[in-house]
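# Structural description and commentary
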Amino acid sequence: MRLDHVSYAVARDSFVSTVQWIGSALGAGFVDGGVHPRFGTRNFILPLGGGTYVEVVTTLDHPAADRAPFGQAVARRAAEGGGWLGWVVSVDDIAPVEARLGRTSAEGHRVRPDGFDLRWKQIGLLELLEDPQLPYFLQWLVPTEERPSADPRTSTTIHGVSIAGDAASIAEFLGEPADHPLDQIDVTWVEDEEPGLVSVEFATAHGPVTI
């Protein structure tokens with residue numbers, strides 16, 4: 001099970017400043033990801049070394065943000081003051097996850113500033129809304145070289161994630177062992193008032209940075 005990206009959600013009035021803050025902390029600038037018309041959101045992304053990326057996302061003033069589970073999740077996290085929304089794992093075939101969860105995935109897309117239509121399927125946002133410790137799943141529908149992580153802007157990598165939650169529940173949801181749920185990423189279980197992704201540790205050229 002591979003970590004695809006981590007997502008940080010903020011209110012619209014904090015969007016630009018948050019992108020600048022995280023980019024400065026990690027030593028590289030974000031790029032405009034574009035609009036998610038079906039979800040009522042937009043993002044900036046920072047492709048990292050190791051095949052992952054960071055997303056900073058906010059809602060648009062659009063009805064889709066109230067209807068789509070992803071838009072609802074972003075809006076709720078932003079209303080709580082902003083912070084890590086969650087972690088996303090990629091799969092080559094999302095059909096087994098659909099069968100396990102008993103529904104079909106949602107198709108997503110965004111048109112990049114260069115005009116390329118980036119497409120994917122995702123599932124698990126309903127579970128994330130109910131239990132923020134859980135990840136959601138994504139299957140890319142574009143070639144590897146077109147995915148957000150394909151062109152890293154920095155050598156910085158994600159070293160580990162800290163999650164407040166129940167290891168056994170997450171392992172069951174992922175179908176992976178509790179002591180090693182992600183390939184190449186350290187997972188630390190912590191105590192916190194609210195479940196969810198608490199922090200992400202990055203390995204930068206200037207040493208570890210935790211956000």
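Residues numbered from 1 in each chain as written. Predicted model: local features only at pLDDT ≥ 70, side-chain atom pairs only at ≥ 80, totals over all residues. Heavy atoms only, no water.

As annotated in an unreviewed UniProt entry, the chain carries the name VOC family protein and is attributed to Streptomyces vinaceus.

Moving on to a negative patch on the surface. On the surface, a cluster of negative charge is made up of Glu191, Asp192, Glu193 and Glu194. Topologically, glutamate 191 is positioned in the loop between strand E10 (186-190) and strand E11 (196-204). (Patch = residues over 30% accessible without salt bridge, like charges linked within 9 Å, V, L, I, M, F, W, Y side chains within 5 Å. Areas by Shrake-Rupley, 256 points an atom, 1.4 Å probe, with all protein chains shown as cover. Salt bridge = Lys/Arg side-chain N within 4 Å of Asp/Glu carboxyl O. Lys, Arg positive; Asp, Glu negative; His and termini not counted. Charge placed at Lys NZ, Arg CZ, Asp CG, Glu CD. Helix = DSSP H or I, 4+ residues; strand = E, 2+ residues; numbered from the N terminus.)

On to the packing of aromatic side chains, then. With the rule as written, the count across this model stands at 8 aromatic pairs. A ring pair is formed by phenylalanine 39 and tryptophan 120, whose centres lie 6.4 Å apart and whose planes are at 55°; its orientation type is tilted. Of the two residues, phenylalanine 39 sits in the loop between strand E2 (31-36) and strand E3 (41-47) while tryptophan 120 sits in strand E7 (residues 117-123), which places them 81 residues apart along the sequence. Feature note: the residues Phe39, Phe70, Trp120, Tyr136 and Trp140 constitute an aromatic cluster, connected by ring pairs. (Phe/Tyr/Trp six-rings, centres within 6.5 Å; stacked < 30°, edge-to-face > 60°.)

Here we come to the sheet that holds strand E12 (residues 207-210). A sheet is described by the order of its strands in space; here 4 strands give the open sequence E10-E9-E11-E12, paired in mixed fashion. Two strands in the sheet have a free side with no partner beyond their single neighbour: E10 and E12. On average, each strand axis in the sheet is tilted by 20° relative to the strand beside it, whichever way the strands run. With 5 bridges connecting them, strand E9 (residues 157-164) and E10 associate as parallel partners. Residue pairing across strands places serine 162 opposite threonine 188, the latter belonging to E10. (Pairing = 2+ DSSP bridges. Axes fitted to C-alpha atoms, helices over the stretch in contact; angles between N-to-C directions.)

Every other side chain in a regular strand lies on the same face of the sheet, so the side chains alternate between the two faces. Judged from the 7 bridges that link them, E9 and E11 form a sheet pairing that is antiparallel. What sits directly across from isoleucine 163, in E11, is leucine 197. Pairing of E11 with E12 involves 4 bridges; the strand directions are antiparallel. Bridge pairing in E12 links glutamate 201 to threonine 210. From the end of E11 to the start of E12, which pair antiparallel, there are 2 residues.

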